[in-house]
Amino acid sequence: MAQEPAELPESSESTTVVVIGAGPAGLTVANLLRRSGIDCVILERRIRERVAQRQRAGIVETRAVRMFDSWGLAGQVLGGPPSDGLMEFRVDGESHLVSDDDGSEGPRARLCPQQVLVQNLTAAYLADGGDLRFEAADISLHDLAGDRPTVRYRTADGTGRAITCAFVAGCDGDHGISRASVPDGVLTAHTFDHGIGWLTVLADAPPPARPLLAVSPHGFAAHFPRGPHTSRYYLQCPPDDHPDAWPDSRVWDALRTRLADPALTPGPITDREIFRLRSLVHDPMQYGRLFLVGDAAHIVSPLGGKGMNLALYDADLFARAVRDFVHDHDDTGLHTYSQRCLRRVWNDQEFSHWLTRTLHDAGDDTQSGPFQRGLARARLDRLFTSPNAARTFAELLTGLNPAPDAGTQDSPDPAARGSASAGDW
């Protein structure tokens, strides 16, 4: 009888921060820590190609662009052209341009698909000597409430490894091991189901000149650029619909009707799926030495483009908090991390909820009814005609409202910081 192969022995090591997940949140955390002279290791369960090809968000908001710029990383990681600052709303075929100009000076939003940002963040981290480990299986977190947590995992060849650290950054999303490692009863989950489904379609088709949001009695639709020759489309549909109910011909017919563009150029559809619009906030965003970053702590409905940008905001706050503690023995940022993050999370949740309800209620009133449709149309009319309403919208869209905490705008000054390792603890 064949014997089971002997289990490979576990090897141990230490670092200052273990980052779980190599998406935008985790890679941003790691790059900012490296800029601060702080050692870290990224563990990612998927292969590198899968991580690099995952297509989601496409716009890095103004606040996030300025964050990367303050760390000296904007030139390395923000691929794609600058946004022209305009968004098109097309209501019953009538076009309205809304600007994100809030009157502030500095770099503006960038059209940077998530896969480009991830690839650039990965390259920057590795070029700076960063430690990034793909195919890390069976990740488990231990002693999170103590001073020295341990993260265990297995390499692709089955070798067991254990890393002791000072902090764990949980950047592995809504279904990752990080949040699941928090004991029951510690976190409170606030959830909201919008009762709306979207068919999302990725196609090799000409992108629009700027993001386009369309409202009509036929239902909501949107068209976003995802590269020089690639477009992402969204079509409102029942939340329990199935992608197979949307063959190519139906997709393009619906888009031409809802976008009021009979001449819309089709292209090969490379991906389609249906998802339910939902919102989720976990409070607090930390437990012991574990800090939840991005989707591990909160999910935002897509309208407003806040999901990835909130993750970048969390990453900035966490990296600065660790930097202050390591170099200045100041734990204020660590203790207030959750409170400060959640202030922006709820602000962006409200904006996304407002925009979601407005654009869906203003179109097909089958569910919302004519009264809600009239209210939504009034909100859109105010946005298109009132300079004050447009200014407020711009502040929310850019991420510059509410005013960021003073602690998030100081210069990181990485050159003035010393190098830190787990031995400093």
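Structure: see above.
As for the packing of helix H3 (residues 62-70) against helix H8 (residues 307-328)
Two quantities define a packed helix pair, namely the angle between the helix axes and the distance between the axes.
Link 1 in the chain: Where H3 meets H8, the closest approach of the two axes is 10 Å, and the angle between their N-to-C directions is 35°. As H3 packs across H8, the resulting crossing turns out to be left-handed. In contact with Arg-63, Ala-64, Met-67, Phe-68 and Ser-70 of H3, H8 contributes Asn-309, Leu-312, Tyr-313, Asp-316 and Arg-320.
Link 2 in the chain: Tallied by class, the residues present in the contact of H3 with H8 amount to five nonpolar, two polar and three charged.

So, the nonpolar core
Link 1 in the chain: Core analysis: the biggest nonpolar cluster contains 76 residues, and Leu-43 and Phe-68 have the highest contact counts within it.
Link 2 in the chain: With 13 residues, the top contributor of residues to this core is H8.
Link 3 in the chain: Those residues in contact with Phe-68 that lie beyond four places of it in its chain are Thr-28, Leu-73, Ala-74, Val-77, Leu-78, Leu-117, Leu-121 and Leu-312.
Link 4 in the chain: In this structure, Val-91, Trp-198, Val-215 and Leu-303 belong to the second largest nonpolar core, which totals 24 residues.

With respect to the packing of aromatic side chains
Link 1 in the chain: Scanning the entire structure with this criterion turns up 14 aromatic pairs.
Link 2 in the chain: With 6.2 Å between their ring centres and 75° between their planes, Phe-318 and Tyr-337 make a pair best called edge-to-face. Of this pair, Phe-318 sits in helix H8 while Tyr-337 sits in helix H10 (residues 337-361); the two residues are 19 residues apart in sequence, bridging distant segments of the chain.
Link 3 in the chain: Here Phe-318 falls in the buried class, since its relative accessible area comes to 0%.
Link 4 in the chain: The exposure class of Tyr-337 is buried, given its relative accessible area of 1%.
Link 5 in the chain: Every member of this aromatic cluster is reached through a ring pair, and the members are Phe-89, Phe-351, Trp-354, Phe-384 and Phe-393.
Link 6 in the chain: Directly above the ring of Tyr-313 sits Arg-344, whose terminal nitrogen or CZ lies 4.5 Å from the centroid.

As for the sheet that holds strand E15 (residues 221-225)
Link 1 in the chain: On the basis of which strands lie adjacent, the open sheet formed by eight strands has the order E6-E5-E14-E15-E16-E13-E17-E20 and mixed pairing. Sheet topology places strand E6 (94-99) and strand E20 (298-299) at the edges, where each strand pairs with a single neighbour.
Link 2 in the chain: Judged from the five bridges that link them, E15 and strand E16 (residues 231-237) form a sheet pairing that is antiparallel. Paired with Pro-225 across the bridge in E16 is Ser-231.
Link 3 in the chain: Against the sheet, helix H11 (residues 369-385) makes contact with strand E5 (86-91), E6 and strand E14 (212-215), and its axis sits at roughly 140° relative to E5, the strand it touches most.

Looking at the sheet that holds strand E10 (residues 150-154)
Link 1 in the chain: Taken in spatial order, the four strands make up an open sheet running E1-E11-E10-E9, and their pairing is mixed. Pairing within the sheet leaves two strands with one partner each, and these edge strands are strand E1 (11-14) and strand E9 (137-142). Averaged over neighbouring strand pairs, the angle between their axes works out to 20° when direction is ignored.
Link 2 in the chain: In the sheet, E1 pairs with strand E11 (residues 160-164) via four bridges, with the strands oriented parallel.

Rules and cut-offs
Residues numbered from 1 in each chain as written. Predicted model: local features only at pLDDT ≥ 70, side-chain atom pairs only at ≥ 80, totals over all residues. Heavy atoms only, no water. Axes fitted to C-alpha atoms, helices over the stretch in contact; angles between N-to-C directions. Helix = DSSP H or I, 4+ residues; strand = E, 2+ residues; numbered from the N terminus. Left-handed = near helix turned anticlockwise from the far one by under 90°. Contact = heavy atoms within 4.5 Å. Nonpolar A, V, L, I, M, F, W, Y, C, P; charged D, E, K, R; others polar. Core = buried A, V, L, I, M, F, W, Y, C linked by side-chain atoms within 4.5 Å. Buried < 20%, exposed > 50% of the residue type's maximum accessible area, 1.4 Å probe, protein only. Phe/Tyr/Trp six-rings, centres within 6.5 Å; stacked < 30°, edge-to-face > 60°. Lys NZ or Arg CZ within 6 Å of the ring centre and 35° of its normal. Pairing = 2+ DSSP bridges.

Limitation: the analysis is restricted to geometry and does not speak to function.
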